[in-house]
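Residue strings, one per chain:
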Amino acid sequence: MAATVLVVEDERKLRELVRAYLERAGFAVLSTESGAEAITMAASAAPDLVILDLGLPDVPGESVLRELRAAGPVPVLMLTAMSSESDRIRGLELGADDYVTKPFSPRELVLRVQAILRRGAQQDERGVTSYGGVLVIDEPKRQVQVSGRAVALTPTEWGVLVALASVPGRVYSRLELINRVRGHEFEGYERTVDSHVKNLRRKLGDDPANPRIVQTVLGGGYRLGLARDA
């Protein structure tokens, strides 16, 4: 069955262009120009991914993104005319998995969508692994627990955590993490790892001033600070 993508974009010509490229790539596509309608459609249709323009006329894209994140872990790729790094990072901190800055190549957009969905479909056969008696990662079920508490992660946050947990204690550079998580190397993405790590720490209850689980290595990158349990 074809994956379903919900396109939320108020510019009609751009919305139709994105739809055409996605359908040509084999996706089922829903679309709307309204942020309010997007929230309703996402709840009723349960799309596999949402492409969300942040500059909507009725409901701010940031508010739509918050509603989507509160409802579940559906991947969100945001479209933005904002070119500054701080604006893009804000969107990532709100829970977006990826972003494309306008103007963009429709073919690149399709590649981004495919990469996000491919990451979500990948499952490791190692099963359930625990770390430090605190963290439990169930890869086949894509579930995470910290001290018995279930933690809901976005696909990108999940990918970062699983990459770090593959070799506990090993330092992964930002570029390595992006390549592992994205499946493609995209220019300017290294620094966005910091935003995803910030969200990941918050959800895991990791003290940002003295993190125990996801640790920063100055000049190196990040590592999982917990050892794998025997």
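As the structure is a computational prediction, the values presented were derived from the model and not from experiment. (Residues numbered from 1 in each chain as written. Predicted model: local features only at pLDDT ≥ 70, side-chain atom pairs only at ≥ 80, totals over all residues. Heavy atoms only, no water.)

### Considering the overall build of the protein chain
The cut-off we apply is this: In DSSP terms, a helix is any run of H or I states spanning at least four residues, a strand is any run of E spanning at least two, and both are numbered starting from the N terminus. Using a 1.4 Å probe on the protein chains alone, a residue whose accessible area is under 20% of its type maximum counts as buried, one over 50% counts as exposed, and one in between counts as partly exposed. When checking whether two residues touch, look at their non-hydrogen atoms; a contact exists if any pair is within 4.5 Å. Here the Shrake-Rupley method, with its probe set to 1.4 Å, supplies the accessible areas, and only the displayed protein chains count as covering residues.
On a plain count of helices and strands, the protein chain comes out with 8 helices and 11 strands. Across the 230 residues that make up the protein chain, the buried fraction comes to 49%. Counting contacts in the protein chain only where the partners sit at least 6 residues apart, residues at least 24 apart contribute 57% of the total. Summing over all exposed atoms, the protein chain offers an accessible surface of approximately 11000 Å²; the carbon and sulfur share of this is 50%.

### So, the pairing of strand 8 (residues 143–146)
The condition is simple: Strand pairing is assigned whenever DSSP detects at least two bridges linking the two strands.
Residues Val144 and Val146 point to one face of strand 8 and are all buried, whereas Gln143 and Gln145, pointing to the other face, are not buried. Alignment of strand 7 (residues 135–138) against strand 8, held across 4 bridges, turns out to be antiparallel. In the strand pairing of strand 8, Asp138 is matched with Gln143. In this antiparallel pair of consecutive strands, strand 7 and strand 8, the connection spans 4 residues, and Arg142 shows a positive phi of 55 degrees. Where strand 8 meets strand 9 (residues 149–151), 3 bridges bridge the pair, whose relative direction is antiparallel. Across the sheet, residue Gln145 finds its bridge partner in strand 9, namely Ala150. If you look at the hairpin formed by strand 8 and strand 9, you'll find 2 residues sitting between the two strands, and Ser147 has a positive phi there, around 50 degrees.

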